[in-house]
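Report on the structure
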Amino acid sequence: MKPHPLVTAFITGLMIWLACGSAAQAQIGMSRIQAGAVPVTMIYPTEAIASPVSIGPFVLNVSRDAQPVAKVHRLIVLSHGSGGSDVSDHHLASTLARAGFVVAQPLHAGDNFRDASKAGPAAFQTRPREVTQVIDALSQHPIWSARLKLDQVGVHGMSAGGVTGLALAGAQWRTLNLVQHCNRVQDADEGFCYQGAASGTARRERQASMLRAQNVPEMFLPEEIKTSYGGLTPQSGNTEVRPDVRIAAVTLSVPVAAIFSTESLAHIKIPVGLVTAKNDQVLVPRFHSDYVLTNCRSCQQLVDLPAEHFDLLAPWPEAVAREVAASQVRGGMPTPGFDAKLRDAAFAKIVQFHLKHLSPVAQIKP
């Protein structure tokens, strides 16, 4: 006999309260490992006292290289945005850690604050594989292998990290989808279509490159732009679309999504939660977040913030915010008067989503 929905809701709420409450006073540890060539920042609960640590213009309250709490935890892999890093997502990572999760933040190759030479389709291909590489490395790590239960792993992706999350959930994308999308709506979605091409010359060159494919039959186009990446294609008798079946729940914040096919979004089976920003000009919601919600049956909107794209990052020093916004084709400045408490509440919903869809920490025995 199935329990009454009210009973189920009460038990779920109780487990969330227990998990969050037991870790409410937890300090935040930070250490770094290597997953092959991929640097990874680990954020986790610890009993060691945290203190302010300055990393460039960012200040984090962490205990460096501290021992993790001696329990077994669930893992969340956090995929940063294009040209991003671990520090600008630290507030979300620490919020997850206070709820009992261990968070791994890979620095995506060729698409990070030090090196953005592969930003776009090249990095979109490698990002999901790097997440799998991180999980594999942690499963063999001398410390973390005994502290993590990796049969169910959560993923969170922000902006370009949304490609990571959707691909690992099973969605497929093609460079041709990007080209066709931008040929249709290049002005309406210019923040995405001309990302990294802010000058007039660069914009014209990209536009000309995309227009070359506009009236060419697909059979005559180069194979590399027609190839599908990300999820698996469902086969007869096997509907699994995840490239890594350990991925059990995904959350996204203002994701890149227009490049995914509607069919593959419909094939996603695992739960996916979205935090959207109704004032986003960098990734216009109707082409990205709303597109996912319309076509993915297992996806749900967690909250729609009265925010711009980078309001989802924290900490986000004013000087960094202005520098990054100046590099955007459109949008990107902090929203005047945006209440940071709304972002905190959105992060809490992300935590609750993963606690609900991954086995709660309280149910995992060391």
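Reading the values: the criteria
Counting of residues starts from 1 at the beginning of each chain's written sequence and follows it residue by residue. The predicted nature of this model means local features are confined to residues of pLDDT at least 70 and side-chain atom pairs, given and counted, to a pLDDT of 80 or more, with totals for whole chains, interfaces and linings taken over all residues. To obtain the side-chain values, all non-hydrogen atoms of the structure were included, while hydrogens and water were left out. Secondary structure elements are taken from DSSP: a helix is a run of H or I of four residues or more, a strand is a run of E of two residues or more, and numbering for both begins at the N terminus. In this treatment the radius of gyration is a C-alpha quantity, and the globule benchmark scales as 2.2 Å times the residue count to the 0.38 power. Each residue is placed in one exposure class: buried if its accessible area under a 1.4 Å probe, protein chains only, is under 20% of its type's maximum, exposed if it is over 50%, and partly exposed if it falls in between. Every accessible area reported is derived by Shrake-Rupley at a probe size of 1.4 Å, with residue values counting cover from the shown protein chains alone. Where helices are involved, their axes are fitted lines through C-alpha atoms of the stretch in contact, as for all axes, and angles between N-to-C directions lie from 0 to 180°. By the definition used in this description, the sense in which the near helix is turned from the far one sets the handedness, with an anticlockwise turn below a right angle giving left-handed and a clockwise turn giving right-handed. Residues count as neighbours in contact if any of their non-hydrogen atoms are within 4.5 Å of one another. In this scheme Phe, Tyr and Trp rings, the latter by its six-membered ring, pair at centre separations within 6.5 Å, and the angle between planes marks the pair as stacked below 30 degrees, edge-to-face above 60, and tilted otherwise. Here, a charge over a ring is recorded when the distance from Lys NZ or Arg CZ to the ring centre is within 6 Å and its angle to the ring normal is within 35 degrees. Side-chain atoms within 4.5 Å are what join buried Ala, Val, Leu, Ile, Met, Phe, Trp, Tyr and Cys residues into a set we call a nonpolar core.

Let us look at the overall build of the protein chain. Within the protein chain, the regular secondary structure consists of 12 helices and 12 strands. Over its C-alpha atoms the protein chain spans a radius of gyration of 20 Å, differing by no more than 12% from the 21 Å that the globule rule assigns to 366 residues. With respect to the principal axes defined by its C-alpha atoms, the protein chain has extents near 60 × 55 × 40 Å. Among the 366 residues that make up the protein chain, the fraction classed as buried is 53%. A total accessible area of about 16,300 Å² is found for the protein chain, and carbon and sulfur atoms account for 54% of it.

Here the focus is the packing of helix H3 (residues 121-139) against helix H4 (residues 161-169). At a closest axis distance of 9 Å, the pairing of H3 and H4 adopts a crossing angle of 65°. Read as a crossing pair, H3 and H4 show a hand that is right-handed. Across the interface between the two elements, Phe-124, Arg-127, Pro-128, Val-131 and Thr-132 of H3 pack against Gly-161, Val-163, Thr-164, Ala-167 and Leu-168 of H4.

Okay, the packing of aromatic side chains next. For the structure shown, the criterion picks out four aromatic pairs. With centroids separated by 5.8 Å and ring planes inclined at 90°, the aromatic side chains of Phe-124 and Trp-173 adopt a geometry described as edge-to-face. You can see Phe-124 sitting in helix H3 and its partner Trp-173 sitting in strand E8 (residues 172-173), a full 49 residues away along the chain. Each member of the pair Phe-124 and Trp-173 is classed as buried. Aromatic side chains Phe-310 and Trp-316 sit 5.9 Å apart centroid to centroid with 25° between the ring planes, which places their arrangement in the stacked category. Residue Phe-310 is classed as buried on the basis of its relative accessible area, which comes to 11%. Through successive ring pairs, a cluster of aromatic residues spans Phe-124, Trp-173 and Tyr-229. Residue placement shows Arg-203 over the ring face of Tyr-194; its charged tip is 4.1 Å from the ring centre.

Let us now look at the nonpolar core. If you look at the biggest cluster of nonpolar residues, it comprises 95 residues, and the most contacted ones within it are Met-42, Leu-75, Leu-138, Leu-166, Ile-259 and Ile-268. Of the residues forming this core, the biggest block, six residues, is contributed by helix H12 (residues 340-357). With residues near it in sequence (within four places) discarded, Ile-268 still touches Leu-166, Ala-169, Gly-170, Ala-171, Cys-296 and Ser-298.

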